[in-house]
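Listed here are the chains, written in short residue letters.
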Amino acid sequence: MTSPPSLERWRHAEELWAARQAEAARREYDALLSDPDWMLPANLRLGAIALETGQVRAAVSHALAAFYAREPDPPLLEALCRLLLNVGEVRSALHCVDDASVAACSDAKLLTGFGRMMAAHGFFDRAAGLLRRARALGLETAELRFALGNAESHAGNTAAAEAELEACLAAAPNHAGAHAALATLRRATPDHNHVARLREVLARYPETHADAPKLHFALFKELDDLGDTEAAWPALADGLRHRKRQVRFDEAADIALFEQLRKVRAGPPLPVEPGPAPIFIVGLPQSGATLLEGMLAGAPEVVACGELDDLVMQLRWCGQRIGGPRLDEELVRACATADLSPLARRYLGHTQWRATGKRWFTDRTPSHFLSLGYLANALPQARILHLVRDPMDVCFANLRRLFAEGSAYSYDQRDMAGHYLRYRQLMAHWHAQFPDRILDVAYESLVTDPHATARRVFEHCGLAYTPSPTRAPDPRHIGQWQRYATHLAPLREALP
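Conventions adopted
Every chain begins its residue count from 1, and numbering advances along the sequence as written. In keeping with the model being predicted, local features are shown solely for residues with a pLDDT of at least 70 and side-chain atom pairs are shown and tallied solely at 80 or more, while totals for entire chains, interfaces and linings include all residues. Side-chain metrics rest on all non-hydrogen atoms present in the structure, leaving aside hydrogens and water. Secondary structure counts use DSSP, requiring at least four H or I residues in a row for a helix and at least two E residues in a row for a strand, with both numbered from the N terminus. A radius of gyration in this sense is built from C-alpha atoms; the matching globule rule multiplies 2.2 Å by the number of residues raised to 0.38. Here the term buried applies to any residue with accessible area under 20% of the maximum for its type, exposed to any over 50%, and partly exposed to those in between, with areas from a 1.4 Å probe on protein chains only. Residue contacts are counted whenever heavy atoms from the two residues lie within 4.5 Å of one another. Exposure was quantified through the Shrake-Rupley algorithm and a 1.4 Å probe, taking into account, for residues, occlusion by the shown protein chains and nothing else. His is not counted, nor are the chain ends; Lys and Arg add positive charge and Asp and Glu add negative charge. A charge is said to be at NZ when it belongs to Lys, at CZ for Arg, at CG for Asp and at CD for Glu. Expected helix span is computed as 1.5 Å times (number of residues minus one). A 3.5 Å cut-off defines polar contacts: any pair of N or O atoms within that distance qualifies, except that in protein one atom must be a possible hydrogen donor and the other a possible acceptor, and neighbouring residues in sequence count only when both atoms are side-chain atoms. Should DSSP find at least two bridges between two strands, the strands are regarded as paired. As a rule, the C-alpha atoms of each element are fitted with a line to give its axis, helices using only the stretch in contact, and angles between N-to-C directions run from 0 to 180 degrees. The cut-offs work like this: below 35 degrees is roughly parallel, past 145 is roughly antiparallel, 65 to 115 is roughly perpendicular, and the gaps in between are oblique. Put simply, a crossing is left-handed when the front helix is turned counterclockwise from the back one by less than a right angle, and right-handed when it is turned clockwise. For this analysis, a salt bridge means a side-chain nitrogen from Lys or Arg found within 4 Å of a carboxyl oxygen belonging to Asp or Glu. Classification of ring pairs rests on two measures: the distance between centres of Phe, Tyr or Trp rings, Trp counted by its six-membered ring, which must be within 6.5 Å, and the angle between planes, read as stacked under 30 degrees, edge-to-face over 60 and tilted in between. For a lysine, the NZ atom is tested; for an arginine, the CZ atom; a charge sits over a ring if that atom is within 6 Å of the ring centre and within 35 degrees of the ring normal.

### What about the overall build of the protein?
Link 1 in the chain: Across its full length, the protein carries 26 helices and 5 strands.
Link 2 in the chain: The C-alpha radius of gyration computed for the protein amounts to 24 Å, which stays within 12% of the reference 23 Å derived for 496 residues, consistent with globular compactness.
Link 3 in the chain: Projected onto its principal axes, the C-alpha coordinates of the protein cover approximately 80 × 60 × 45 Å.
Link 4 in the chain: Within the protein, buried positions represent 51% of all 496 residues.
Link 5 in the chain: Restricting the contact set of the protein to residue pairs at least 6 apart, pairs at least 24 apart contribute 70%.
Link 6 in the chain: Carbon together with sulfur atoms contributes 52% to the accessible area of the protein, which is approximately 22,200 Å² in total.
Link 7 in the chain: Looking at the protein, you have 56 positive and 60 negative side-chain charges, and the mean spots of the two groups are 2 Å apart.

### Describing helix α20 (residues 343–351)
Link 1 in the chain: The buried count for α20 comes to 7 of 9 residues, which makes it a mostly enclosed element.
Link 2 in the chain: Every buried residue belonging to α20 is among L343, A344, R346, Y347, L348, H350 and T351, and all of these are buried.
Link 3 in the chain: Looking at the buried residues of α20, the elements they touch are α4 (56–68), β1 (277–282), α18 (310–319), β3 (360–363) and α21 (372–378).

### Quick look at helix α8 (residues 108–120)
Link 1 in the chain: When the terminal C-alpha atoms of α8 are compared, their 18 Å separation across 13 residues agrees well with the 18 Å that a helix rising 1.5 Å per residue should span.
Link 2 in the chain: The residue sitting at the N-terminus of α8 and contributing the capping side-chain oxygen is D107; that oxygen lies 3.0 Å from the backbone nitrogen of K109.
Link 3 in the chain: Taken from the residues just after α8, G122 is the one with a positive phi, measuring 85 degrees.

### Details of the pairing of strand β4 (residues 383–388)
Link 1 in the chain: As paired elements, β1 and β4 share 4 bridges and run parallel to each other. Paired with V282 across the two strands is H386, which belongs to β4.
Link 2 in the chain: Bridge count between β4 and strand β5 (residues 438–442): 5 bridges; the pairing is parallel. Bridge pairing in β5 places V388 opposite A442.

### So, the environment of H154
Link 1 in the chain: Inspection of the secondary structure assignment puts H154 in helix α10 (residues 142–154).
Link 2 in the chain: Note: C-alpha distance between H154 and R26 (128 residues apart in sequence) is 40 Å.

### Remarks on the side chain of N398
Link 1 in the chain: Here N398 is to be found in helix α22 (residues 391–399).
Link 2 in the chain: In this structure N398 comes out as buried when scored by relative accessible area, which is 0%.
Link 3 in the chain: A polar contact is formed between the side chain of N398 and the backbone oxygen of V394, at a distance of 2.8 Å.
Link 4 in the chain: Every residue in contact with N398, bar those within four places of it in the chain, is listed here: P285, Q286, F403, Y409, S410 and M416.

### Things to note about the packing of helix α5 (residues 74–86) against α8
Link 1 in the chain: The interhelical angle for the contact between α5 and α8, taken along N-to-C directions, is 15 degrees, at an axis separation of 10 Å. Classified by the angle between their axes, α5 and α8 sit roughly parallel to one another. As for how α5 packs across α8, the hand of that crossing is left-handed. Side by side, α5 and α8 meet where P74, P75, L77, E78, C81, R82 and L85 of the first sit next to L110, G113, F114, M117 and M118 of the second.

### Some remarks on the sheet that holds β5
Link 1 in the chain: With parallel pairing, 5 strands are arranged side by side in an open sheet as β2-β3-β1-β4-β5. This sheet does not close on itself; its edge strands, each paired only once, are β2 (302–303) and β5.
Link 2 in the chain: Examined bridge by bridge, β1 and β3 share 4 bridges and lie parallel to one another. Bridge pairing links I279 to T362 in β3.
Link 3 in the chain: Strands β1 and β3 of the sheet are contacted by α20, whose axis makes an angle of about 100 degrees with β3.

### Details of the environment of R132
Link 1 in the chain: Take R132: it is sitting in helix α9 (residues 124–136).
Link 2 in the chain: Sequence-wise, R132 and R145 are 13 residues apart; in three dimensions their C-alpha atoms are separated by 9.2 Å.
Link 3 in the chain: In this view, R132 contacts L148, E152 and N157; residues no more than four positions away in its chain are not counted.
Link 4 in the chain: A polar contact of 2.8 Å, which involves the side chain of R132, links it to the side chain of E152.

### A few points about the pattern of salt bridges
Link 1 in the chain: For the coordinates displayed, the defined rule picks out 31 salt bridges.
Link 2 in the chain: Residue E52 pairs with R20 through a salt bridge whose shortest N-O separation is 2.6 Å. Of this pair, E52 sits in helix α3 (residues 39–52) while R20 sits in the loop between α1 (5–18) and α2 (22–31), and the two are 32 residues apart along the sequence.
Link 3 in the chain: Close ionic contact of R364 with E293 constitutes a salt bridge, the shortest N to O distance being 2.5 Å. Remark: E293 occurs in helix α17 (residues 289–296) and R364 occurs in the loop between β3 and α21; sequence separation between them is 71 residues.
Link 4 in the chain: You can call R364 buried: its relative accessible area is 16%.
Link 5 in the chain: Where salt bridges share partners, they join E23, R26, R27 and D30 into one cluster.

### Notes on the packing of aromatic side chains
Link 1 in the chain: Counted according to the given criterion, the structure contains 13 aromatic pairs.
Link 2 in the chain: Centroid distance F258 to F369: 6.3 Å. Interplanar angle 35 degrees. Geometry classified as tilted. Of this pair, F258 sits in helix α16 (residues 251–261) while F369 sits in the loop between β3 and α21, and the two are 111 residues apart along the sequence. Each member of the pair, F258 as well as F369, carries the same accessibility label: buried.
Link 3 in the chain: Of the aromatic side chains, those joined through ring pairs into one cluster are F220, W233, F396 and Y484.
Link 4 in the chain: The ring centre of W317 lies 4.0 Å from the NZ or CZ of R346, which sits over that ring.

### Here we look at the side chain of D415
Link 1 in the chain: Its place among the elements puts D415 in helix α23 (residues 413–433).
Link 2 in the chain: Of note is the side chain of D415, whose polar atom sits 2.9 Å from the side chain of K244.
Link 3 in the chain: Those residues in contact with D415 that sit more than four places away from it in its chain are K244, F249, Y409 and R422.

Written out as structure tokens, the structure is:
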């Protein structure tokens, strides 16, 4: 019995794709688009090929075509969700996750895949729900417990997070990620800390193990909480040394990126796109963006949306450059000659749904200080808040943080200082190009005089100020570096 022609064509296309013959495979998948039964899988493959070959707009088109041809089939929806997220089509990806077939799915591994994707893109409540279902279906692995513990933690469910992370360690006592997550879950106290256990695990880890930095940073955090600075610093120094060896900061590339960005200039006024408008919160990481966003979220006209990838992803669409949600020199060079006129429409088209009918929504992605010229030109209705923090405090806050990705400059004191100085120069450039568009908000004022600072912020955003209960800022975060002043001498010497 012979196979149907479309099935034969699919098999041939799969063989070509497995052999990495992308163009030949693309032609075969293209031919399947006229068959309704093969439209979805063919678009999925064509989207993957487009991504691999640097065709951003084609990847988006195929991902959306696959979405419109979607079927209530959880395995296909998982693959579709992953492709949609990779090309920045978050809202469509959420429709896949919320499909009734996924709600009825009893495949624990598929649910785990959906849950991990949701956590990676900041939808922690959805992630926790999916991962709980996977566990209830009998999937009992250390990695599932770890993923669920992280999701519960970010969703604000501290007790549930602690229980899951401890369950992970019961199954896998050396799981560095779970140890690190527990260390950051709450402030260590003499009666409740993990210092002894962290030291025991570190003793079992080879010094060159990829996960060793997680344990060193976790140990530093707990010892620092306990005020044992003499023991804490060696833990941080070890973590910095090992992590620096892993990530290999490219200072020349960092310098080139900033040089290219300083060529971006204010353009002619553009028409204002209708609908909810963004409030961007930018600055170096660890400058207090979450605190400021929480303050703004108290206004009835504002929805807090957290960190969003959409701006850079839509810049990539405009500039036709494949990559992640971080700006890079190649993308900046491409944007210098690209048509950026669709940027406002595309950014708002991918974000305004989050406002749920309110006038304003926040985008508190700190690294948008790099993209500030693009967003200020494209979105004249946007409000821009720039968090400023004492140089030593903000640099030390970055040094003491183990970032999941990026921020390779933050594992060496002199690298950190150089990046900070470039950031200051770039912000001076943006202020000169866009006078009165950017409000500098001092972190110290946010902590010590929150009401007066909030009034200035609300006025800049065109909001009526109404005090609302928020988490009280912790003044201990001001001047933290001074406890390690001797060890931070290289950083202090490199900063103005």
